[in-house]
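Okay, here's what each chain looks like letter by letter:
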Amino acid sequence: MASEEREQPRARQRLRVMAGHLRRPGPGTGTEPATTTTAQPALSQCPALQPAAADGAPKATGSIPRRRQEILKWNGWGYRDSKFTFNKKGQGEFTGKRYRLSGMILPALKEWMEKSFGASLEHKTTPRTTPNLDLPLSILNEECLKDLKDLNIPFSQDPEDRLIRSHGHCLHEIFALREGKVERVPDVVIWPSCHSDVVKIVQLASKHNVCIIPFGGGTSVSDALVCPTDEKRTIVSLDTSQMNRIMWIDDKNLTAHVEAGITGQDLERQLSEYGYCTGHEPDSMEFSSLGGWVATRASGMKKNIYGNIEDLVVHIKMVTPRGVVEKSCQGPRMSTGPDIYHFIMGSEGTLGVVTEVTIKIRSLPEYQKYGSIVFPDFESGVACLREVARQRCAPASIRLMDNTQFQFGHALKPQVASIFTSFLDGLKKFYITKFKGFDPNELCVTTLLFEGTREKVLQQEKHVYDIAAKFGGLAAGEDNGQRGYMLTFVIAYIRDLGMDYYIIGESFETSVPWDRVLDLCRNVKEKLVKDCKEKGVQFLPLATCRVTQTYDAGACVYFYFAFNYRGISDPLSVFEQIEASAREEILENGGSLSHHHGVGKLRKRWLKESISDVGVGMLKSVKEYVDPNNIFGNRNLL
């Protein structure tokens, strides 16, 4: 043990030297950066993140404040000023000023909701409007409270702070908040500002046998943030949101060292000031955090160029009850036994807290172009995507919507101000449906995003459209492609509107081999409709899917499922039974348990089936060694 303690500082010293980021003692803190020499990587310091904090690193400047509820909804998705609603004329609109859709009238939304769900503006629910709920009292003994104060790290026992970190965004979590039904919540929320703060918090938790649940962006859809109801220990929500700094940018190796609490939007914004990006854009990127991406093995819509999170990570630092886990160098690849980072990626907060990540970066793309293709049916679209993947010419993003989802997207189309534009839209529709013979109830659309040099983008664009033509695809314009990606960041807001009118819904995803894509999509949607009928759902449900990411050997399929629950006494129970049955159908059809949402507590009943008894045993062995007292006791995965 003594030799290990001597060796760890040496390894960290080697890491700093080899990476060219050695720091020499500075006034007061001992962390003043050394002068970069020609033998070391060229580092871009980030003045936007200055001045220095107590640990010598730049101060945090994130978009999300400590009191998240000041700008974010406590019982729904996203910003408080942004939501779908119906105005006094019964027209749909999207409020706020943050998105391209903000302030626009959506004339087709009301009719679509009535037609698709049997919904009516006359039948409206009355959710709780304030977070003043009767929460359980905070469990915290005096000795622990004293030690917590001595850390000099901001913490709170405020009921609102605790409530907003007690949940993610599964349907039943948000539904319970709207109904005012809350069970176990964290007893304390604490905001570390750097890696060393996290070390102190984990040491304190180990001393007092406190349960820690890491909290990043709060966008989980796997029950990962739900506090175990029978947990008798103090539960501390360790909120990493104030650890949001880019520590350095390495221009030579094209890497950036970043604190794990930074959100996707802040990471891309700050990198763009220096001409860089990561290209990692999950649908939740406005709010989800870098640490959360690592902990769930996240995927982004532009992974065809930039890769999934496991392709982007170069180095990880994680604090566990046993100590700090990190490698001794930042080389691009190592052959040193099983990759310890793959124990961390996907660990979902069960082993420790990811505090810092070195991530690959790219120069901002020189040229970007949107596109779209309409196919006569879903089968043709899937065949095209398969061929694009086979020829390895996929653009940054290529996504195929089925007809139901296409109709949904049309319902969110803003009101047209120009008669000429309206005429052109009508002409396009006539050409596709009458002249080309596409059935409006069968056609589907693929949206495209190309990035790179102008020459490469135009060459790739021609290649993709040539392939599409072989499968009956017609170019449908840049506007439709751009609008499709614009909807990516507002689509999550639609569920809150649905719940106002007795509609509950959820999304879920899987990955599947190419030869099973069509069968899986068809069988799962049919299963959803069949189970709704058997469970007494009075209205036809929404059961739709899209192919969102493509690979050499398969694709990711993303489902949306929703129904009108009027007349059902226990809608959540019915929904959860149907969703579980759909997951069984996915597994029976050769799909994975999850492509990027993770396991959490929601899907862990199927984990043994997915990775085998031995696989679960391996994960348990790691957990028992790293965290023998279950300090990280969120009970995800196992």
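### Considering the overall build of the protein chain
Phase 1: Secondary structure assignment for the protein chain yields 20 helices and 24 strands.
Phase 2: The buried share of the protein chain, taken over its 638 residues, is 56%.
Phase 3: The long-range share in the protein chain, meaning contacts at least 24 apart out of those at least 6 apart in sequence, stands at 75%.
Phase 4: Total accessible area on the protein chain stands at roughly 28,200 Å², and carbon and sulfur atoms take up 52% of it.

### Observations regarding the environment of His597
Phase 1: Inspection of the secondary structure puts His597 in the loop between helix 19 (571-588) and helix 20 (607-626).
Phase 2: When its relative accessible area of 11% is taken as the criterion, His597 is described as buried.
Phase 3: For the pair His597 and Arg297, spaced 300 residues apart in sequence, the C-alpha separation works out to 8.1 Å.
Phase 4: For His597, the contacting residues outside a window of four places in its chain are Val221, Ser222, Ser507, Phe508, Glu509, Tyr558 and Arg603.
Phase 5: A polar contact is formed between the side chain of His597 and the side chain of Glu509, at a distance of 3.5 Å.

### Overview of the packing of aromatic side chains
Aromatic ring pairs: the centre-centre distance and the angle between the two ring planes describe each pair.
Phase 1: Taken as a whole, this structure holds 17 aromatic pairs when the rule is applied.
Phase 2: Measuring from centroid to centroid gives 4.7 Å for Trp112 and Phe408, while their planes differ by 25°, and the two rings are stacked. A residue pair is termed long-range when its members are at least 10 positions apart, and Trp112 in helix 2 (residues 109-117) and Phe408 in helix 13 (residues 403-411) qualify at 296 residues. Of the two residues, Trp112 and Phe408, both sit in the buried class.
Phase 3: Among the aromatic residues, those joined into a cluster by ring pairs are Phe84, Phe94, Tyr99 and Tyr493.

### A short note on unusual backbone geometry
Across residues other than glycine, the phi torsion is negative in most instances, and most of the peptide bonds are trans.
Phase 1: Positive phi outside glycine occurs at Asn209, with the angle close to 55°.
Phase 2: Of note in the backbone geometry, Asp223 takes a positive phi value of approximately 70° without being a glycine.
Phase 3: Among the structural elements, Asp223 can be located in the loop between strand 9 (211-215) and strand 10 (235-239).

### Thoughts on the packing of helix 18 (residues 517-534) against helix 19
Phase 1: One way to put it is that helix 18 packs onto helix 19 with a least axis distance of 9 Å and a crossing angle of 155°. Viewed along their axes, helix 18 and helix 19 adopt a mutual orientation that is roughly antiparallel. When the axes of helix 18 and helix 19 are compared, the crossing they make is right-handed. On the side of helix 18, the interface is formed by Leu520, Asn523, Val524, Lys527, Leu528, Asp531 and Cys532, while helix 19 contributes Ile578, Ser581, Ala582, Glu585 and Ile586.
Phase 2: Residues belonging to the contact of helix 18 with helix 19 are distributed by class as follows: seven nonpolar, two polar and three charged.

### Overview of the nonpolar core
Phase 1: In terms of nonpolar packing, the biggest core is built from 58 residues, with Val517 and Phe563 touching the most fellow members.
Phase 2: When sequence neighbours within four positions are dropped, the list of residues in contact with Phe563 reads Phe117, Tyr502, Ile503, Ile504, Cys532, Val537, Pro541, Ile568, Pro571, Val574, Phe575 and Ile578.
Phase 3: Among the nonpolar cores identified, the runner-up in size contains 38 residues, and Ile64, Met301, Phe408 and Tyr485 belong to it.

### Regarding the environment of Ser380
Phase 1: In this fold, Ser380 is placed in helix 12 (residues 378-390).
Phase 2: Assessed through its relative accessible area of 16%, Ser380 is described here as buried.
Phase 3: Along the chain, Ser380 and Gly473 lie 93 residues apart, while their C-alpha atoms are 7.9 Å from each other.
Phase 4: Not counting the four nearest positions on each side in its chain, Ser380 is found in contact with Phe375 and Phe471.

### Describing the confidence of the model for the protein chain
Phase 1: Chain-level pLDDT for the protein chain is 89 on average; 88% of the residues reach the 70-or-more range.
Phase 2: Note on residues 14-58: pLDDT under 50 across the span, and 93 contacts to partners over four residues away in sequence or across chains.
Phase 3: Low confidence marks residues 418-424, where pLDDT is under 50. Its contacts with residues over four positions away, or in another chain, come to two contacts.

### Remarks on the side chain of Lys601
Phase 1: Mapped onto the secondary structure, Lys601 falls in the loop between helix 19 and helix 20.
Phase 2: The side chain of Lys601 is buried and forms no salt bridge, while Asp223, the nearest opposite charge, is found at 6.8 Å.
Phase 3: Among the polar contacts listed, one links the side chain of Lys601 to the backbone oxygen of Asp223, at a separation of 2.9 Å.
Phase 4: Within the structure, Lys601 has its side chain in polar contact with the side chain of Asn636 (distance 2.9 Å).

### A word on the pairing of strand 10
Phase 1: By the criterion of burial, strand 10 is predominantly enclosed, with five of the five residues buried.
Phase 2: Here strand 10 shows a buried face lined by Ile235, Ser237 and Asp239 and a second buried face lined by Val236 and Leu238.
Phase 3: Of the pairings in the sheet, the one linking strand 8 (residues 188-190) to strand 10 comprises three bridges and is parallel in character. The residue of strand 10 that forms the bridge with Ile190 is Leu238.
Phase 4: Inspection of the sheet shows strand 9 paired to strand 10 by five bridges, in the parallel sense. The residue of strand 10 that forms the bridge with Ile213 is Ser237.

### Observations regarding the environment of Ser102
Phase 1: Of note, Ser102 is situated in the loop between strand 5 (92-94) and strand 6 (105-106).
Phase 2: With relative accessibility at 14%, the residue Ser102 sits in the buried group.
Phase 3: Separated by 21 residues in the primary sequence, Ser102 and Asp81 place their C-alpha atoms 9.9 Å from one another.
Phase 4: Not counting chain neighbours up to four residues away, the residues in contact with Ser102 comprise Phe94, Thr95, Gly96 and Lys97.
Phase 5: Here Arg98 takes part through its backbone nitrogen, which lies 3.4 Å from a polar atom of the side chain of Ser102.

### With respect to the sheet that holds strand 8
Phase 1: Pairing is mixed in the open sheet, where four strands are placed in the order 7-8-10-9. One side of each edge strand has no neighbouring strand; the edge strands of this open sheet are strand 7 (155-156) and strand 9.
Phase 2: With respect to the sheet, helix 6 (residues 195-208) is in contact with strand 8, strand 9 and strand 10, its orientation differing from that of strand 9 by roughly 150°.

### Considering helix 18
Phase 1: Helix length check: helix 18, at 18 residues, gives a terminal C-alpha distance of 26 Å against a target of 26 Å (1.5 Å per residue), a fit within 8%.
Phase 2: Looking at helix 18, one finds that the buried residues are Val517, Leu520, Cys521, Val524, Lys525, Leu528, Asp531 and Cys532. Down the axis of helix 18, the buried side of the element spans an arc of 135°, and every buried residue falls inside it. More than 90 degrees from the buried face of helix 18, the exposed residues found are Lys533 and Glu534.
Phase 3: Where helix 18 terminates, the next one or two residues include Gly536, which has phi positive at roughly 90°.

What counts and what doesn't
- Residues numbered from 1 in each chain as written.
- Predicted model: local features only at pLDDT ≥ 70, side-chain atom pairs only at ≥ 80, totals over all residues.
- Heavy atoms only, no water.
- Helix = DSSP H or I, 4+ residues; strand = E, 2+ residues; numbered from the N terminus.
- Buried < 20%, exposed > 50% of the residue type's maximum accessible area, 1.4 Å probe, protein only.
- Contact = heavy atoms within 4.5 Å.
- Areas by Shrake-Rupley, 256 points an atom, 1.4 Å probe, with all protein chains shown as cover.
- Polar contact = N/O pair within 3.5 Å; in protein donor to acceptor, adjacent residues only side chain to side chain.
- Phe/Tyr/Trp six-rings, centres within 6.5 Å; stacked < 30°, edge-to-face > 60°.
- Axes fitted to C-alpha atoms, helices over the stretch in contact; angles between N-to-C directions.
- Parallel < 35°, antiparallel > 145°, perpendicular 65-115°, else oblique.
- Left-handed = near helix turned anticlockwise from the far one by under 90°.
- Nonpolar A, V, L, I, M, F, W, Y, C, P; charged D, E, K, R; others polar.
- Core = buried A, V, L, I, M, F, W, Y, C linked by side-chain atoms within 4.5 Å.
- pLDDT = per-residue confidence, 0-100.
- Lys, Arg positive; Asp, Glu negative; His and termini not counted.
- Salt bridge = Lys/Arg side-chain N within 4 Å of Asp/Glu carboxyl O.
- Pairing = 2+ DSSP bridges.
- Expected span 1.5 Å × (residues − 1).
- Arc of directions from axis to C-beta.

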